[in-house]
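Understanding the architecture of this molecule
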Amino acid sequence: MMRIQPILILMLLLTGCVSRQAGKIITVNGEISADELGLTLEHEHVLVDFTRQADNAPEPYTLDEAVAHVLPFLKELQAHGVKAFVECTPMHVGRDVRLLKRLSDETGLHILTNTGFYGAQNNRFIPKQVLLMDAEAIAQFWIAEFEQGIEGTGIKPGFIKIGVDRKPLSEFHATLARAAAITHKATGLTIMAHTGPAVAAFQQLDILREEGVSPEAFIWTHASDEKDWDKLVRVARLGAWISLDKYGWKEDYREDYPRLLLKFKSEGLLHNVLLSHDAGWFDPGQPDQPFKPYTPLFDELLPRLRQEGFTDAELNQLLVTNPATAFTVKKRLFTNP
Ligand SMILES: [Zn+2]
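Residues numbered from 1 in each chain as written. Predicted model: local features only at pLDDT ≥ 70, side-chain atom pairs only at ≥ 80, totals over all residues. Heavy atoms only, no water.

A word on the overall build of the chain. Within the chain, the secondary structure is distributed over 11 helices and 11 strands. The C-alpha radius of gyration of the chain comes to 20 Å, within 12% of the 20 Å expected for a compact globule of 337 residues. Referenced to the eigenvectors of the C-alpha coordinate spread, the extents of the chain come out at roughly 65 × 45 × 40 Å. Evaluated residue by residue, the chain yields a buried proportion of 55% over its 337 residues. When the accessible surface of the chain is split by element, carbon and sulfur atoms take 54% of a total near 14300 Å². (Helix = DSSP H or I, 4+ residues; strand = E, 2+ residues; numbered from the N terminus. Rg over C-alpha atoms; globule rule 2.2 N^0.38 Å. Buried < 20%, exposed > 50% of the residue type's maximum accessible area, 1.4 Å probe, protein only. Areas by Shrake-Rupley, 256 points an atom, 1.4 Å probe, with all protein chains shown as cover.)

Here we come to the packing of helix H10 (residues 296-307) against helix H11 (residues 312-326). Relative to each other, H10 and H11 sit at 135°, their axes nearing to 10 Å. Looking at the two axes, H10 sits oblique to H11. In terms of crossing hand, the pair formed by H10 and H11 is right-handed. Only Asp 312, Leu 315 and Leu 319 of H11 make contact with H10, whose side of the interface consists of Leu 297, Leu 302, Leu 305 and Arg 306. (Axes fitted to C-alpha atoms, helices over the stretch in contact; angles between N-to-C directions. Parallel < 35°, antiparallel > 145°, perpendicular 65-115°, else oblique. Left-handed = near helix turned anticlockwise from the far one by under 90°. Contact = heavy atoms within 4.5 Å.)

The next point concerns the packing of aromatic side chains. By convention here, two paired aromatic rings are described through the distance between centres and the angle between planes. A full pass over the atoms with the stated rule returns 13 aromatic pairs. By the ring-pair criterion, three or more aromatic residues cluster together here, those being Phe 50, Tyr 118, Phe 125, Trp 249 and Trp 281. Above the face of the Phe 310 ring, Lys 265 is positioned so that its terminal group lies 4.6 Å from the ring centre. If you follow Lys 292 out to its NZ or CZ, it ends over the ring of Trp 249, 4.6 Å from the centre. (Phe/Tyr/Trp six-rings, centres within 6.5 Å; stacked < 30°, edge-to-face > 60°. Lys NZ or Arg CZ within 6 Å of the ring centre and 35° of its normal.)

Now for the UniProt feature "binding site: Zn(2+) 2" (unreviewed entry) in the chain. In this numbering, the UniProt entry assigns the feature "binding site: Zn(2+) 2" (unreviewed entry) to Lys 161, His 194 and His 222. What stands out for the annotated residues spanning 62 residues is how close their C-alpha atoms remain, the widest pair being 12.7 Å apart. By secondary structure assignment, the location of His 194 is in strand E8 (residues 191-194). Look past the residues within four positions of His 194 in its chain and what remains in contact with it is Tyr 118, Ala 120, Lys 161, Ile 162, Gly 163, Val 164, Thr 221 and His 222. Here His 222 is to be found in the loop between strand E9 (218-221) and helix H8 (229-238). On the basis of relative accessibility, which here comes to 5%, the residue His 222 falls in the buried class. (UniProt positions renumbered as here; feature names shortened; annotations may be inferred.)

This part is about the coordination of the zinc ion. Angles between donor atoms at a metal ideally measure 109.5 degrees for a four-coordinate tetrahedral arrangement and either 90 or 180 degrees for a six-coordinate octahedral one. Only His 43 (NE2), His 45 (NE2) and Asp 278 (OD) from the protein coordinate the zinc ion, and they sit 2.1 to 2.2 Å from it. Counting along the primary sequence, the residues that act as donors to the zinc ion give the motif H-x1-H-x232-D. Under the relative-accessibility criterion, His 43 is labelled buried at 1%. Residue His 45 is classed as buried on the basis of its relative accessible area of 7%. (Donors = N, O, S within 2.8 Å, 3.2 Å for Na, K, Ca; no water.)

Moving on, we get to the nonpolar core. Ranked by internal contacts, the top residues of the largest apolar core, which has 89 residues, are Trp 142, Leu 261, Phe 264 and Tyr 294. The residues contacting Phe 264, other than those within four sequence positions of it, are Leu 232, Val 233, Ala 236, Ile 242, Leu 269, Leu 270 and Val 273. Ala 34, Leu 37, Ala 84 and Leu 112 belong to the second-largest nonpolar core, a separate cluster that totals 16 residues. (Core = buried A, V, L, I, M, F, W, Y, C linked by side-chain atoms within 4.5 Å.)

Let's shift gears to the pairing of strand E1 (residues 24-27). On a regular strand, each side chain points to the face opposite its neighbour's, so the side chains alternate between the two faces of the sheet. Bridge count between E1 and strand E2 (residues 30-33): 4 bridges; the pairing is antiparallel. Paired with Thr 27 across the bridge in E2 is Gly 30. (Pairing = 2+ DSSP bridges.)

Let us now look at the packing of helix H6 (residues 171-187) against helix H7 (residues 198-210). Look at H6 against H7: their axes get within 9 Å of each other, and the N-to-C directions meet at 45°. Relative to H7, H6 is oriented oblique. Taken as a pair, H6 and H7 cross one another with a handedness that is right-handed. Two secondary-structure elements touch here, H6 through Ala 174, Ala 177, Arg 178 and Ala 181 and H7 through Gln 204, Ile 207, Leu 208 and Glu 210. Grouping the constituent residues of the contact of H6 with H7 by class yields 5 nonpolar, 1 polar and 2 charged. (Nonpolar A, V, L, I, M, F, W, Y, C, P; charged D, E, K, R; others polar.)

The following block contains the structure:
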């Protein structure tokens, strides 16, 4: 007993050190250590209300109705060993943190939600008064959600989600990127930016640099919409995350994704890539809309990648290590201006 105790104490100390090094991730059920996250889908949706405009009332639904729609698909996902689910629906597009908490409680999945505004689709999901705000004022609103929780629930965002249109940034979308940078500096939350083609990705990274925020804090969401793959490699080399998050959306992607991943592998950049489906979802305005399952990645892409020579360690990097690193709450400041 006398000999075991110091060893136990040492182990506890080491475990403590390891989890401190791993950093923390914020889920709808509170903080976890990044090494608890496990197999993760980094960009999915359980509910999106695309029929509304920001200043109109949302379509009515009950939590029971939404849970009934979504739960079977989450259970299917768990059968594939998935432990964590990053829910990317922004405020005013159907973000419902009570629903996410209930789904997390019923499944045991780690679910992350976000703060931010979705400017894509020409600002139709942005309240009119927000269009008049400057970056600092918008950031203060998001920082308040981080500090106090969302809509009185105490549930905190695990990342920042912004959306910009698929073209050079408008003045307001540049403001959103700047607000995200300011919020990152205050909170350490990672910036997930619905972007599409490269032009706006480079512009957002320029704004982050002006604000002193590293590309490591930035997820280029929907990066596979950019057809010049050398631009994806350039952005990855800067240290940003490349989110290949639309597997299953288009027939083209069935060929593009394995080829893109082989390119990143040959460039030694797999540690900058995230994978997901951007699938789901229950739309209360169109409740009969077919639900896109969260599983083609497991049914098709992973077997194909194994055929192409990807090892378990590389797949683990893409689906476990990279999301844990990307969503760790940590201030990533630009050190090489
Ligand atoms: Zn999405």
